[in-house]
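Structure assessment
Each chain, letter by letter, is given below.
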Amino acid sequence: MRCEPVTSLWNPNIFMGVPFLANSQVGFFYPFNWPLWALLETPYAVSASILIHLVIAGLGTYLFARRVLDLSPVAALLAAMLFSLGGYLTAQVEHINQLQGLAWLPWLFVAAQPVVGNSGTAISRSVDQDLFIRWRDLCPAIAGRAHAVRLYKRRGAFVMVAGASHLRPLKPGIRMASRGVAGCCCGVAVLLAAVQLLPTLELTGQSARQGGLSTAEVLSFSWHPLLITRSLLPGYGQSLFTEYVAFLPLTALVLAMIGAWRWRERPQILGLLVLVIAGLILAMGRFTPVYWLLANLPGFDLFRVPARWLVLYALGAALLAGLGWDTVMNSLSSDSRARLRQPVLWGVLLIAALMIWGFAAGLLDGIIPTGAEAPFERPGNLTVIGWLVELVLLGGLLFLALRSEPRGRRGAGIGLPLLAGIVLWFSSRTLPYNNLTTPEAYFDIRPPAARLMALTDCLVPGEACPTPPDRFLSLSDIFFDPGDQAEIDSIYSDQLDADARYDYTVAVKQKEIIAPNLPMVYGLYAVDGFDGGVLPLATYSEVMQLVLPDGETTSDGRLREYLDAVPEARWLDLFNTRYLITDKVRDTWRQGVFFDRQFPVTLTGGETASVGFVPSFSANAVWLLAAANAPDIQVETISGEQWSLTPELLEAPDLYRIQFPETDQPATLTLTCPPGVESCGLDALTLVDTADSAFQTVIPGPFRQIYSGDVKIYEYLDVAPRAWIVHDWLWQPDVAASVLTMQDGEFDPHRTAVLAGEGAGYPDPPGSDGNSYVSVTSHSAEQVDLTVSTEQVGLVVLADANYPGWQAILDGQPVPIQQTDGLFRGVFVPAGEHSLTFRYESSPFHIGLLLTVVVLAAGVLVWILAYWRSRQSQDNYL
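Residues numbered from 1 in each chain as written. Predicted model: local features only at pLDDT ≥ 70, side-chain atom pairs only at ≥ 80, totals over all residues. Heavy atoms only, no water.

**Observations concerning the overall build of the protein chain**
Selection criterion: Helix and strand definitions follow DSSP, with helices as H or I runs of at least four residues and strands as E runs of at least two, each counted in order from the N terminus. Each residue is assigned to one of three classes by its accessible area relative to the maximum for its type, calculated with a 1.4 Å probe on protein chains only: buried under 20%, partly exposed between the two thresholds, exposed over 50%. Residue contacts are defined here by distance: any two heavy atoms, one from each residue, within 4.5 Å place the two residues in contact. The protein chains shown are the only cover counted for residues, whose accessible areas, like all others here, come from Shrake-Rupley with a 1.4 Å probe.
Each helix and strand in the protein chain was counted, giving 29 helices and 32 strands. Looking at the protein chain as a whole, 52% of its 878 residues are labelled buried. Taking as baseline every contact in the protein chain between residues at least 6 positions apart, the subset at least 24 positions apart corresponds to 75%. Only carbon and sulfur atoms are counted for the fraction: they give 60% of the accessible area of the protein chain, which is about 38800 Å².

Here it is, written out as structure tokens:
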């Protein structure tokens, strides 16, 4: 079975509907993704993208080192290796979209250099044959080709020329011109990216982050001071939460100190020092007063994880290390070599301080404890040995490199990058990218997904196939054991190490509960999803307050980790939730009988509850788990017998048994709390045939179990359709007020709708329902067709997320869509028979696409004209 990903403008599979291409994290319009998507399956495409972007990061760093810092090829290669293969960037490879963006950071600095100027090196080689450079050279920030641009007058016209050399510094006038050209480049870049930028800007305005995150969220995952040593120094056999990883070899740190020592000689070094210091300070987040101020500023308040500012440190330190290597190799005189003793000493002292802090910080762990994601851990023996070995080798190589003999200097000089590379190799063994698991972690389809896919595709005989497919909701974390773990171990024990098998097991558990965004792969429809960027929508986050425990919020959209019980039936109806996926962590065995404890029931005196689905099973008893008073049970059998039975305690404190008068197959089961009893509680009940010790679990309420394996899948038997009509509604000023109104215990979303807005000019509720129905005749990602019949004016509600761009067409005429029940779409319809269509048309996407195509076409035209003019110039010259 081949799984096809979502490829439309609208994504109906997660969050009950969200714009797909507008989410910039998808990276659909990123050109480097296209050949990978076209040629490779997903796991291999991700691996290829990681490798490609590590190379891009290395090339950009090399270019910066060579053209801006004027480093030697070996020093530039050292800087490129330290940034692209250093701890920070390689720790981020699982965040593929972040890696793709971070890889271009050095190129951005190269592109900015001609604008800000460079007193040490000019990048201005002339290419007289070119009248105009190609568009990718004109916009280096987009394509990564970073060249300075200067203007000169030739044959009465100003001509742009790009290239690189080591000539004189740019004159102020030329620099101003280059800044103007750079501004033009930025404008062209924005227009070129308009197909992504405009839809994303629209989505940003609808996002849960539209008003900024709370200060606590902005400061979450700040780089902890107690973790400085483990973050910055290489570790051997010890792992750390990847957001805090930014280690470099000790060799690189000493070389960086040597490079930084020359800050008075070269202005660029001061810029690199600012980069390093700013990265370290900003990464501290909540541990520095600076970020408390920034956290409330527009822009800063949209992002979490301050630790990611460590990328500035990683790049700056790598470049300083390259500069330090050149300094060592170019120190020919005895005086210049003597001057290096001080930075070397300070570098060693810095490393020693970090080593000591790695142990001393443990004394403060009880005062400012680290988070659960990265508990404090002292450096292990293997790590300390690795540090000492590297320091000894580093001292020997520096001693040889600073000798006067050229041959020994060259050999030791090459040894320094080799030592750094070896350290990176061994210290990165614990990073995720070095613990690959089998591709089957993606390709294998687990039974729960196969079951729901079969129901969605109408492949299960006797099962109805609704249009559109109903949604599911996972209520499970991944703290359960796969039942086939022994089989997994036997299959992969000789192929994968323990860490790789662990990762495969985690993937298996994620697929068992079909999380976090696997519905997009399998073509299923989920109530929640996962993003953590511009999604989920603000309206989604507001409405989820209906089902989340008091005080809980989920900024990334996940519900399963916060839900401790099945939501109320009215919310399952509102969200069109037919299937529930849960684990078996709360279930239990008692005296050889299994009890499903997913649906506990509490009844007051005189109250009743029925079992919605009674399986075909002959029994002579029913066993109950009841923490409080066990309820009575009324049984009606398929043979017509009716019994009213009272439980007896079988095993203290909570196991009860109700013996049937005879063995028979129950047709209905009704739970009753006797009058006069304050309350009765039921955790679980199971039909038992004591003659052969067989049993069958029974689910209280309108549910039936349709799958049981590592997890369970329940069907909600009373699920409401995706679209319905109501004849009673009320208005609230906004979504927040709507949700507050819906929290009233008497609110029924299938009888009353809450609309956000003023309500002026719209019909009043008719006061009675009359005969009415709504049916969905066809459903696709970007269009839903409905048939409506009503005897009175009504409001048709479609339980799909409302969003700008959705249009409603009633009997061929456009009508407004109302924001209904916080998140969904509603349309007023008059009495009669109607056809109603919801269609998604994204104006920002179409406008952006037009701008992008125009700019691309103009760029191609400019390139053709430049090529033609250059050929003419060559002919005239000859």
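**Thoughts on empty space enclosed by the protein**
The condition that has to hold: Here a cavity means grid points, on a 1 Å grid over the protein atoms only, where a 1.4 Å probe fits yet cannot get out; a pocket means an open set of points with protein on both sides within 12 Å along at least five of seven lines; lining residues are those with an atom within 4 Å of a point. Grid points are joined across faces, edges and corners, and a volume is the space filled by probe spheres set on the points. Three residue categories are used. Nonpolar comprises Ala, Val, Leu, Ile, Met, Phe, Trp, Tyr, Cys and Pro, charged comprises Asp, Glu, Lys and Arg, and polar comprises the others, including Gly.
Counting across every chain of the model gives 7 cavities of 30 Å³ or more. Put simply, the largest cavity is a space of about 180 Å³. Along its surface, the largest cavity is lined by 16 residues, and R230, L233, P234, G235 and Q238 are the ones closest to its centre. Those elements that place two or more of their residues in the lining of the largest cavity are α12 (228-232) and α19 (381-401). Of the residues contributing to the lining of the largest cavity, the split by class is 8 nonpolar, 7 polar and 1 charged.

**Topic: the state of the cysteines**
Formally: Cysteine sulfurs are considered disulfide-paired once they come within 2.5 Å of each other.
On inspection of all chains with the given rule, the structure shows 1 disulfide. Here C673 is linked by a disulfide to C680, with a sulfur-sulfur distance of 2.3 Å. Taking the sign of the S-S torsion, about 75 degrees here, the bridge from C673 to C680 comes out right-handed. For C680, a relative accessible area of 2% translates into the label buried.

**Details of the sheet that holds strand β21 (residues 712-716)**
The criterion, for reference: Pairing between two strands requires that DSSP report at least two bridges joining them. Between the N-to-C directions of two axes lies an angle of 0 to 180 degrees, each axis being a line fitted to C-alpha atoms and, for a helix, fitted only over the stretch in contact.
Spatially, β5-β6-β21-β20 is the arrangement adopted by the 4 strands of the open sheet, whose pairing is mixed. The outermost strands of the open sheet, each flanked by one partner alone, are β5 (471-474) and β20 (703-708). If you compare each strand with its neighbour and ignore which way they point, the axes differ by 25 degrees on average. The pairing of β20 with β21 spans 5 bridges and is antiparallel.

**Quick notes on the packing of aromatic side chains**
Cut-off, in case you're wondering: When the centres of two rings from Phe, Tyr and Trp lie within 6.5 Å, Trp using its six-membered ring, the rings pair. Their planes under 30 degrees apart give stacked, over 60 give edge-to-face, and anything left gives tilted.
Considering all chains together, one arrives at 32 aromatic pairs under this definition. Considering the side-chain rings of W10 and Y803, the 5.9 Å spacing of their centres and the 50 degrees angle between planes classify their relative orientation as tilted. Taken together, the positions of W10 in strand β1 (residues 10-11) and Y803 in the loop between β27 (794-801) and β28 (806-810) put the pair 793 residues apart, joining distant regions of the chain. Here the aromatic rings of Y44 and F443 are separated by 6.2 Å at their centres, their planes lie at 35 degrees, and the arrangement is tilted. Pair noted here: Y44 is in helix α2 (residues 42-68) and F443 is in helix α21 (residues 440-443), with a separation of 399 residues, a long-range link. For Y44, a relative accessible area of 41% puts it in the partly exposed group.

**Let's talk about the environment of L603**
Turning to its location among the elements, L603 is positioned in strand β9 (residues 601-604). With 27 residues separating them along the chain, L603 and A630 place their C-alpha atoms 9.8 Å apart. In contact with L603, not counting residues within four places along its chain, are T608, A609, P631, L671, T672, C673, E678, S679 and C680.

**Focus: a negative patch on the surface**
Counted only if it meets this: For patch detection, residues must exceed 30% relative accessible area and be free of salt bridges, and they are connected within 9 Å for like charges or within 5 Å for nonpolar side chains (Val, Leu, Ile, Met, Phe, Trp, Tyr). Every case where a carboxyl oxygen of Asp or Glu lies within 4 Å of a side-chain nitrogen of Lys or Arg is listed as a salt bridge. Asp and Glu are treated as the negative residues and Lys and Arg as the positive ones, with His and the ends of the chain left uncounted. All charge positions are set by atom: Lys at NZ, Arg at CZ, Asp at CG, Glu at CD.
A surface patch of negative charge is lined by E94, D497, D499 and D503. Within the element layout of this structure, D497 appears in the loop between α23 (485-492) and α24 (498-512). Under the relative-accessibility criterion, D497 is labelled partly exposed at 44%.

**Observations concerning the packing of α2 against helix α3 (residues 73-84)**
Stated formally: Put simply, a crossing is left-handed when the front helix is turned counterclockwise from the back one by less than a right angle, and right-handed when it is turned clockwise.
Interaxial distance between α2 and α3 falls to 8 Å at its minimum, and their mutual angle equals 140 degrees. Between α2 and α3 lies a crossing whose hand is right-handed. Residues L54, A57, G58, T61, Y62, A65 and R66 of α2 form the contact with α3, whose participating residues are P73, A76, L77, A79, A80, F83 and S84.

**Quick word on the side chain of S231**
Counting through the fold element by element, S231 comes out in helix α12. Look at S231 and you get buried, because its relative accessible area is 0%. Dropping the residues within four chain positions of it, S231 is found in contact with W223, L240, Y244, V245, A246 and F247.

**Side note on the pattern of salt bridges**
Under the defined criterion, the tally for this structure stands at 23 salt bridges. Across the pair D710 and R446 runs a salt bridge, and its minimum N-O distance is 3.0 Å. Residue D710 is found in the loop between β20 and β21, and its partner R446 is found in the loop between α21 and α22 (447-456); the two are separated by 264 residues along the sequence. When the shortest N-O distance is used, the salt bridge between R578 and D470 registers 2.5 Å. Of this pair, R578 sits in strand β6 (residues 577-582) while D470 sits in the loop between α22 and β5, placing them 108 residues apart in sequence. The buried category is assigned to R578, whose relative accessible area is 18%. Three or more residues are tied together by salt bridges with common partners; here these are D477, D556, R558, R560 and E561.

**A closer look at the packing of α23 against α24**
Selection rule: Throughout this description, any angle smaller than 35 degrees is read as roughly parallel, any larger than 145 degrees as roughly antiparallel, any in the 65 to 115 degree range as roughly perpendicular, and the remainder as oblique.
Where α23 contacts α24, the axes come no closer than 11 Å and their chain directions differ by 140 degrees. On the basis of their axis angle, the class for α23 and α24 is oblique. With respect to the hand of their crossing, α23 and α24 are arranged in right-handed fashion. Touching Q485, I488, D489 and Y492 of α23 are R501, Y504, T505 and V508, all from α24.

**Comments concerning the nonpolar core**
For the record, the criterion: Among the buried residues, those of types Ala, Val, Leu, Ile, Met, Phe, Trp, Tyr and Cys that are joined through side-chain atoms within 4.5 Å form a nonpolar core.
Ranked by internal contacts, the top residues of the largest apolar core, which has 90 residues, are L82 and W223. Those residues within four positions of L82 in sequence are excluded, and the remaining contacts are L248, P249, A252, A318, A321, A420 and L424. With 76 residues, the next largest nonpolar core counts L572, I699, A756 and L795 among its residues.

**Here's the deal with unusual backbone geometry**
In this structure, P536 follows L535 across a cis peptide bond, with omega equal to 5 degrees. Along the polypeptide, P536 turns up in the loop between α25 (519-522) and α26 (538-543). Cis geometry is found at the peptide bond from A652 to P653, where omega equals 5 degrees. Looking at the secondary structure, you find P653 in the loop between β14 (648-651) and β15 (655-664). Even without being glycine, V305 reaches a positive phi, approximately 60 degrees. With respect to the helices and strands, the residue V305 is situated in the loop between α15 (289-294) and α16 (310-329). Taking relative accessible area as the criterion, V305 reaches 7% and is therefore assigned buried. The residue Q591 is not glycine, and still its phi comes out positive at about 50 degrees. Along the chain, Q591 falls in the loop between β7 (588-590) and β8 (593-595).

**Thoughts on the sheet that holds β14**
Strands in a sheet are paired, the pairing made by backbone hydrogen bonds, and the direction either parallel or antiparallel. Read across the sheet, 5 strands follow the order β14-β15-β11-β18-β19 without closing on themselves; strand pairing throughout is antiparallel. What marks the edges here is a single partner per strand, and that holds for β14 and β19 (694-698). The average angle at which neighbouring strand axes cross in this sheet is 35 degrees, direction not considered. The pairing of strand β11 (residues 619-625) with strand β18 (residues 684-689) spans 5 bridges and is classified as antiparallel. Across the sheet, residue V622 finds its bridge partner in β18, namely L687.

**Section: the pairing of strand β22 (residues 723-726)**
Side-chain alternation along β22 places A723 and I725 on one buried face and W724 and V726 on a second face that is also buried. Note: β22 against β27, 4 bridges, orientation antiparallel. Within β27, the residue paired with A723 across the bridge is L798.

**Section: the confidence of the model for the protein chain**
Detail in the predicted coordinates should be disregarded across regions flagged by low pLDDT. Stated precisely, the cut-off is as follows: Confidence of the predictor in every single residue is expressed as pLDDT, which spans 0 to 100.
Across the protein chain, the average pLDDT comes to 86, with 90% of residues at or above 70. Ranking the elements of the protein chain by mean pLDDT puts strand β3 (residues 148-154) last, at 31, and β28 first, at 97. When the criterion is pLDDT under 50, residues 1-6 qualifies, and its contacts beyond four places in sequence or with other chains add up to 13 contacts. Of the regions scoring below 50 in pLDDT, residues 119-170 engages in 123 contacts with residues more than four places distant in sequence or in other chains.

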